[in-house]
Amino acid sequence: MITRKQAFFFDLDDTLYDHFMPFEETVSRLLTADEQATDTARLFCRMRHHSDQLWPRYERGELELAELKLLRIELACKDCGLTLDRSRSEQFQRDYLQRQRRFDWISGARECIRRIMESGHPVGIITNGPEDYQWTKIRGLGLDRLIARELIFISGALGLAKPDPEIFAYVNRMTGTLLPECVYIGDSWDKDVTGALAAGWQVYWYNPRRLPAGDGRQPHLEFSTYTALNSQLHTGSGGLL
(Lines give C-alpha, C1' and ligand atoms only; values in the text may rest on other atoms or scores of the structure.)
Protein backbone atom coordinates (compact mmCIF):
# COMPACT_ATOMS: atom_id res chain seq x y z
CA MET A 1 0.00 0.00 0.00
CA ILE A 2 1.34 3.42 -0.91
CA THR A 3 0.62 6.81 0.60
CA ARG A 4 -2.03 9.25 -0.59
CA LYS A 5 0.03 10.92 -3.29
CA GLN A 6 -0.29 10.94 -7.08
CA ALA A 7 1.26 7.73 -8.45
CA PHE A 8 2.94 7.42 -11.85
CA PHE A 9 3.02 4.10 -13.70
CA PHE A 10 5.01 3.65 -16.91
CA ASP A 11 4.78 1.28 -19.82
CA LEU A 12 8.12 -0.44 -20.52
CA ASP A 13 8.59 -1.19 -24.23
CA ASP A 14 9.19 1.92 -26.36
CA THR A 15 8.29 4.15 -23.42
CA LEU A 16 11.33 3.46 -21.24
CA TYR A 17 13.17 0.74 -23.14
CA ASP A 18 14.23 1.76 -26.67
CA HIS A 19 13.31 -0.84 -29.29
CA PHE A 20 13.73 1.56 -32.21
CA MET A 21 17.51 1.96 -32.07
CA PRO A 22 18.26 -1.79 -32.36
CA PHE A 23 15.42 -2.08 -34.91
CA GLU A 24 16.93 0.64 -37.10
CA GLU A 25 20.37 -0.94 -36.93
CA THR A 26 18.98 -4.38 -37.77
CA VAL A 27 16.93 -3.10 -40.72
CA SER A 28 19.91 -1.22 -42.15
CA ARG A 29 21.79 -4.54 -42.38
CA LEU A 30 18.80 -6.55 -43.55
CA LEU A 31 17.59 -4.49 -46.49
CA THR A 32 19.16 -4.61 -49.92
CA ALA A 33 20.48 -1.47 -51.61
CA ASP A 34 17.23 -1.18 -53.58
CA GLU A 35 15.20 -1.37 -50.33
CA GLN A 36 17.23 1.18 -48.34
CA ALA A 37 14.85 4.04 -49.22
CA THR A 38 12.20 2.45 -46.97
CA ASP A 39 10.90 4.71 -44.20
CA THR A 40 12.32 2.88 -41.18
CA ALA A 41 10.12 4.76 -38.70
CA ARG A 42 6.98 3.76 -40.62
CA LEU A 43 8.20 0.17 -40.84
CA PHE A 44 8.75 0.15 -37.08
CA CYS A 45 5.27 1.56 -36.43
CA ARG A 46 3.72 -1.09 -38.67
CA MET A 47 5.64 -3.83 -36.86
CA ARG A 48 4.36 -2.52 -33.52
CA HIS A 49 0.82 -2.41 -34.96
CA HIS A 50 0.96 -6.02 -36.11
CA SER A 51 2.52 -7.11 -32.83
CA ASP A 52 -0.44 -5.56 -30.99
CA GLN A 53 -2.92 -7.17 -33.37
CA LEU A 54 -1.35 -10.62 -33.07
CA TRP A 55 -0.87 -10.50 -29.30
CA PRO A 56 -4.40 -11.71 -28.37
CA ARG A 57 -3.82 -14.84 -30.47
CA TYR A 58 -0.63 -15.51 -28.50
CA GLU A 59 -2.46 -15.00 -25.20
CA ARG A 60 -5.18 -17.47 -26.27
CA GLY A 61 -2.52 -20.06 -27.10
CA GLU A 62 -3.27 -19.91 -30.84
CA LEU A 63 0.16 -18.57 -31.82
CA GLU A 64 3.64 -19.24 -30.52
CA LEU A 65 5.63 -16.19 -29.46
CA ALA A 66 8.43 -17.06 -31.89
CA GLU A 67 5.94 -17.17 -34.78
CA LEU A 68 4.38 -13.87 -33.69
CA LYS A 69 7.79 -12.18 -33.88
CA LEU A 70 8.35 -13.46 -37.42
CA LEU A 71 4.87 -12.59 -38.65
CA ARG A 72 4.98 -9.03 -37.30
CA ILE A 73 8.03 -8.06 -39.39
CA GLU A 74 6.81 -9.94 -42.46
CA LEU A 75 3.45 -8.16 -42.33
CA ALA A 76 5.09 -4.80 -41.65
CA CYS A 77 7.34 -5.20 -44.67
CA LYS A 78 4.35 -6.12 -46.81
CA ASP A 79 2.62 -2.91 -45.69
CA CYS A 80 5.68 -0.96 -46.82
CA GLY A 81 5.92 -2.64 -50.21
CA LEU A 82 8.72 -5.03 -49.29
CA THR A 83 8.91 -8.80 -49.57
CA LEU A 84 10.44 -10.62 -46.64
CA ASP A 85 10.57 -14.39 -46.92
CA ARG A 86 10.81 -16.65 -43.90
CA SER A 87 14.59 -17.02 -44.02
CA ARG A 88 15.09 -13.25 -44.01
CA SER A 89 12.56 -12.71 -41.23
CA GLU A 90 14.36 -15.35 -39.15
CA GLN A 91 17.66 -13.58 -39.77
CA PHE A 92 16.04 -10.27 -38.81
CA GLN A 93 14.78 -11.69 -35.52
CA ARG A 94 18.17 -13.20 -34.63
CA ASP A 95 19.97 -9.91 -35.32
CA TYR A 96 17.28 -7.81 -33.63
CA LEU A 97 17.40 -9.93 -30.48
CA GLN A 98 21.19 -9.63 -30.35
CA ARG A 99 21.04 -5.84 -30.59
CA GLN A 100 18.25 -5.61 -28.00
CA ARG A 101 20.59 -6.96 -25.34
CA ARG A 102 22.23 -3.55 -25.03
CA PHE A 103 19.22 -2.30 -23.04
CA ASP A 104 19.08 1.29 -24.28
CA TRP A 105 16.91 3.78 -22.40
CA ILE A 106 14.65 6.20 -24.24
CA SER A 107 16.48 9.53 -24.02
CA GLY A 108 15.57 11.41 -20.85
CA ALA A 109 13.30 8.70 -19.42
CA ARG A 110 15.57 7.67 -16.54
CA GLU A 111 16.06 11.28 -15.46
CA CYS A 112 12.29 11.83 -15.62
CA ILE A 113 11.61 8.88 -13.32
CA ARG A 114 14.24 10.06 -10.85
CA ARG A 115 12.79 13.57 -10.75
CA ILE A 116 9.28 12.26 -10.16
CA MET A 117 10.52 10.04 -7.33
CA GLU A 118 12.59 12.88 -5.84
CA SER A 119 9.34 14.89 -5.72
CA GLY A 120 7.94 12.19 -3.43
CA HIS A 121 5.69 10.39 -5.89
CA PRO A 122 5.62 6.60 -6.18
CA VAL A 123 6.60 5.21 -9.59
CA GLY A 124 5.71 1.79 -11.01
CA ILE A 125 5.59 -0.20 -14.24
CA ILE A 126 2.70 -1.93 -16.01
CA THR A 127 3.89 -3.88 -19.04
CA ASN A 128 2.64 -6.58 -21.35
CA GLY A 129 4.86 -9.55 -22.11
CA PRO A 130 6.23 -12.85 -20.82
CA GLU A 131 7.40 -12.49 -17.23
CA ASP A 132 11.00 -13.67 -17.65
CA TYR A 133 11.53 -11.66 -20.84
CA GLN A 134 10.26 -8.44 -19.30
CA TRP A 135 12.28 -8.94 -16.13
CA THR A 136 15.40 -9.33 -18.29
CA LYS A 137 14.77 -5.85 -19.71
CA ILE A 138 13.85 -4.38 -16.33
CA ARG A 139 17.09 -5.64 -14.81
CA GLY A 140 19.10 -4.69 -17.89
CA LEU A 141 17.94 -1.09 -17.56
CA GLY A 142 18.52 -1.12 -13.80
CA LEU A 143 14.83 -0.41 -13.13
CA ASP A 144 14.80 -3.06 -10.43
CA ARG A 145 17.19 -0.82 -8.47
CA LEU A 146 14.95 2.22 -8.94
CA ILE A 147 11.44 0.85 -8.54
CA ALA A 148 10.06 -1.37 -5.78
CA ARG A 149 9.21 -4.88 -6.95
CA GLU A 150 5.67 -4.59 -5.59
CA LEU A 151 5.08 -1.72 -8.03
CA ILE A 152 6.10 -3.72 -11.11
CA PHE A 153 3.22 -5.50 -12.88
CA ILE A 154 3.82 -7.83 -15.86
CA SER A 155 0.91 -9.24 -17.83
CA GLY A 156 2.49 -12.67 -18.22
CA ALA A 157 2.58 -13.07 -14.45
CA LEU A 158 -0.96 -11.81 -13.91
CA GLY A 159 -3.06 -13.37 -16.66
CA LEU A 160 -4.25 -9.84 -17.46
CA ALA A 161 -2.98 -7.60 -20.26
CA LYS A 162 -3.47 -4.10 -21.62
CA PRO A 163 -5.77 -2.77 -22.98
CA ASP A 164 -8.07 -4.69 -20.62
CA PRO A 165 -9.04 -2.09 -17.97
CA GLU A 166 -8.96 -4.86 -15.38
CA ILE A 167 -5.16 -4.82 -15.25
CA PHE A 168 -5.30 -1.19 -14.13
CA ALA A 169 -8.05 -1.99 -11.62
CA TYR A 170 -5.88 -4.83 -10.31
CA VAL A 171 -2.99 -2.39 -9.80
CA ASN A 172 -5.32 -0.08 -7.88
CA ARG A 173 -6.37 -2.92 -5.60
CA MET A 174 -2.83 -4.16 -5.01
CA THR A 175 -1.32 -0.73 -4.33
CA GLY A 176 -4.24 0.90 -2.54
CA THR A 177 -4.28 3.76 -5.05
CA LEU A 178 -7.44 5.60 -6.09
CA LEU A 179 -8.41 6.47 -9.66
CA PRO A 180 -7.85 10.26 -9.38
CA GLU A 181 -4.32 9.63 -8.09
CA CYS A 182 -3.11 7.41 -10.93
CA VAL A 183 -1.24 8.50 -14.06
CA TYR A 184 -0.25 6.08 -16.80
CA ILE A 185 2.51 6.97 -19.26
CA GLY A 186 2.81 4.92 -22.43
CA ASP A 187 3.40 5.08 -26.17
CA SER A 188 0.76 2.73 -27.60
CA TRP A 189 -2.58 4.31 -28.39
CA ASP A 190 -4.35 0.97 -28.70
CA LYS A 191 -2.98 -0.60 -25.52
CA ASP A 192 -1.79 2.15 -23.20
CA VAL A 193 -4.06 5.11 -23.90
CA THR A 194 -7.34 3.28 -24.51
CA GLY A 195 -6.83 0.80 -21.67
CA ALA A 196 -5.88 3.34 -19.02
CA LEU A 197 -8.61 5.80 -20.06
CA ALA A 198 -11.21 3.02 -19.92
CA ALA A 199 -10.00 2.23 -16.39
CA GLY A 200 -10.53 5.85 -15.33
CA TRP A 201 -6.84 6.74 -15.04
CA GLN A 202 -5.14 9.90 -16.19
CA VAL A 203 -3.04 9.23 -19.30
CA TYR A 204 0.11 10.93 -20.56
CA TRP A 205 0.71 9.77 -24.13
CA TYR A 206 4.35 9.49 -25.21
CA ASN A 207 4.12 10.11 -28.96
CA PRO A 208 7.65 10.68 -30.33
CA ARG A 209 6.64 10.08 -33.95
CA ARG A 210 3.61 12.39 -33.64
CA LEU A 211 1.11 9.78 -34.74
CA PRO A 212 -2.57 10.71 -35.03
CA ALA A 213 -4.86 9.72 -32.18
CA GLY A 214 -6.63 6.45 -32.73
CA ASP A 215 -10.15 7.64 -31.95
CA GLY A 216 -12.10 10.56 -30.52
CA ARG A 217 -10.77 10.19 -26.97
CA GLN A 218 -8.11 12.52 -25.62
CA PRO A 219 -5.18 11.77 -23.30
CA HIS A 220 -4.71 14.21 -20.44
CA LEU A 221 -1.29 15.12 -21.82
CA GLU A 222 0.67 14.37 -24.99
CA PHE A 223 4.44 14.73 -25.27
CA SER A 224 7.08 13.78 -27.82
CA THR A 225 10.23 14.02 -25.66
CA TYR A 226 10.97 13.54 -21.98
CA THR A 227 12.49 17.00 -21.93
CA ALA A 228 9.05 18.33 -22.77
CA LEU A 229 7.40 16.13 -20.13
CA ASN A 230 9.86 17.23 -17.46
CA SER A 231 9.16 20.85 -18.32
CA GLN A 232 5.41 20.37 -17.96
CA LEU A 233 5.74 18.35 -14.76
CA HIS A 234 8.03 20.71 -12.90
CA THR A 235 7.76 24.24 -14.32
CA GLY A 236 6.37 26.86 -11.94
CA SER A 237 2.83 27.00 -10.66
CA GLY A 238 1.61 25.35 -13.85
CA GLY A 239 3.59 22.20 -13.12
CA LEU A 240 1.70 18.95 -12.72
CA LEU A 241 3.57 17.63 -9.68
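The shown structure was predicted, so the numbers you read here are calculated from the model rather than taken from an experiment. (Residues numbered from 1 in each chain as written. Predicted model: local features only at pLDDT ≥ 70, side-chain atom pairs only at ≥ 80, totals over all residues. Heavy atoms only, no water.)

**Student:** Please explain the nonpolar core as it appears in this structure.
**Tutor:** Across soluble globular proteins, you tend to see nonpolar side chains buried next to one another. Counting residues in each nonpolar core, the largest one holds 48 residues, and the members touching the most others are Leu143, Trp201 and Tyr226. In this view, Trp201 contacts Phe9, Ile126, Phe168, Val171, Asn172, Leu179, Cys182, Val183, Tyr184, Ala196 and His220; residues no more than four positions away in its chain are not counted. Grouped together as the second largest cluster of nonpolar side chains are 16 residues, Phe23, Leu31, Met47 and Ile73 included. (Core = buried A, V, L, I, M, F, W, Y, C linked by side-chain atoms within 4.5 Å. Buried < 20%, exposed > 50% of the residue type's maximum accessible area, 1.4 Å probe, protein only. Contact = heavy atoms within 4.5 Å.)

**Student:** How should I be thinking about the packing of helix 1 (residues 20-30) against helix 2 (residues 40-59) in this particular structure?
**Tutor:** For any two helices packed against each other, one specifies the inter-axial angle together with the distance between the axes. Where helix 1 meets helix 2, the axes come as close as 10 Å, and the angle between the chain directions of the two elements is 115°. In this structure, helix 1 crosses over helix 2, and the sense of that crossing is right-handed. Along its contact with helix 1, which presents Phe20, Phe23, Glu24 and Val27, the element helix 2 presents Thr40, Ala41, Leu43, Phe44 and Met47. Class assignment for the residues of the contact of helix 1 with helix 2 results in 7 nonpolar, 1 polar and 1 charged. (Axes fitted to C-alpha atoms, helices over the stretch in contact; angles between N-to-C directions. Helix = DSSP H or I, 4+ residues; strand = E, 2+ residues; numbered from the N terminus. Left-handed = near helix turned anticlockwise from the far one by under 90°. Nonpolar A, V, L, I, M, F, W, Y, C, P; charged D, E, K, R; others polar.)

**Student:** It is not clear to me how the packing of aromatic side chains should be interpreted in this structure. Could you clarify?
**Tutor:** Pairs of aromatic rings are described using the distance from one ring centre to the other and the angle between the two planes. Per the stated rule, a full pass over the model turns up 19 aromatic pairs. A ring pair is formed by Phe223 and Tyr226, whose centres lie 5.3 Å apart and whose planes are at 70°; its orientation type is edge-to-face. The same class applies to Phe223 and to Tyr226, which are both buried. Ring-pair connections join several aromatic residues into one group, and the members of that group are Phe9, Phe153, Phe168, Tyr170, Tyr184 and Trp201. (Phe/Tyr/Trp six-rings, centres within 6.5 Å; stacked < 30°, edge-to-face > 60°.)

**Student:** Can you help me understand the packing of helix 1 against helix 4 (residues 86-100) in this one?
**Tutor:** At a minimum axis distance of 9 Å, the contact between helix 1 and helix 4 shows a crossing angle of 140°. Relative to helix 4, the element helix 1 lies oblique. Every pair of crossing elements has a handedness; the one defined by helix 1 and helix 4 is right-handed. Mapping the contact onto sequence places Pro22, Phe23, Glu25, Thr26, Val27, Arg29 and Leu30 in helix 1 and Arg88, Phe92, Asp95, Tyr96, Arg99 and Gln100 in helix 4. Partitioning the contact of helix 1 with helix 4 into residue classes produces 6 nonpolar, 2 polar and 5 charged. (Parallel < 35°, antiparallel > 145°, perpendicular 65-115°, else oblique.)

**Student:** Looking at this model, I keep getting lost on the pattern of salt bridges. Mind explaining?
**Tutor:** Pairs can form between side chains of opposite charge whenever their charged atoms are close. In the structure shown here, the tally under the stated rule is 16 salt bridges. Here Arg173 makes a salt bridge to Glu166, at a shortest N to O gap of 2.6 Å. According to the relative accessible area criterion, Arg173 is exposed, its value standing at 53%. The exposure class assigned to Glu166 is partly exposed, which follows from its relative accessible area of 30%. A salt bridge links Arg217 to Asp215; its shortest N-O distance comes to 2.8 Å. (Salt bridge = Lys/Arg side-chain N within 4 Å of Asp/Glu carboxyl O.)

**Student:** Sorry, what's going on with the pairing of strand 5 (residues 202-206) here?
**Tutor:** Of all 5 residues in strand 5, 4 are buried; the element is thus mostly enclosed. Across 4 bridges, strand 4 (residues 182-186) lies against strand 5 in parallel orientation. The partner of Val183 across the bridge, within strand 5, is Gln202. Since strand 4 and strand 5 lie parallel, the crossover through helix 9 (residues 189-198) that links them has a hand, and here it is right-handed. Here 3 bridges tie strand 5 to strand 6 (residues 221-223), and the two strands are oriented parallel to one another. By the bridge assignment, Trp205 is partnered in strand 6 with Glu222. (Pairing = 2+ DSSP bridges. Right-handed = clockwise from strand over helix to strand, strands pointing away.)

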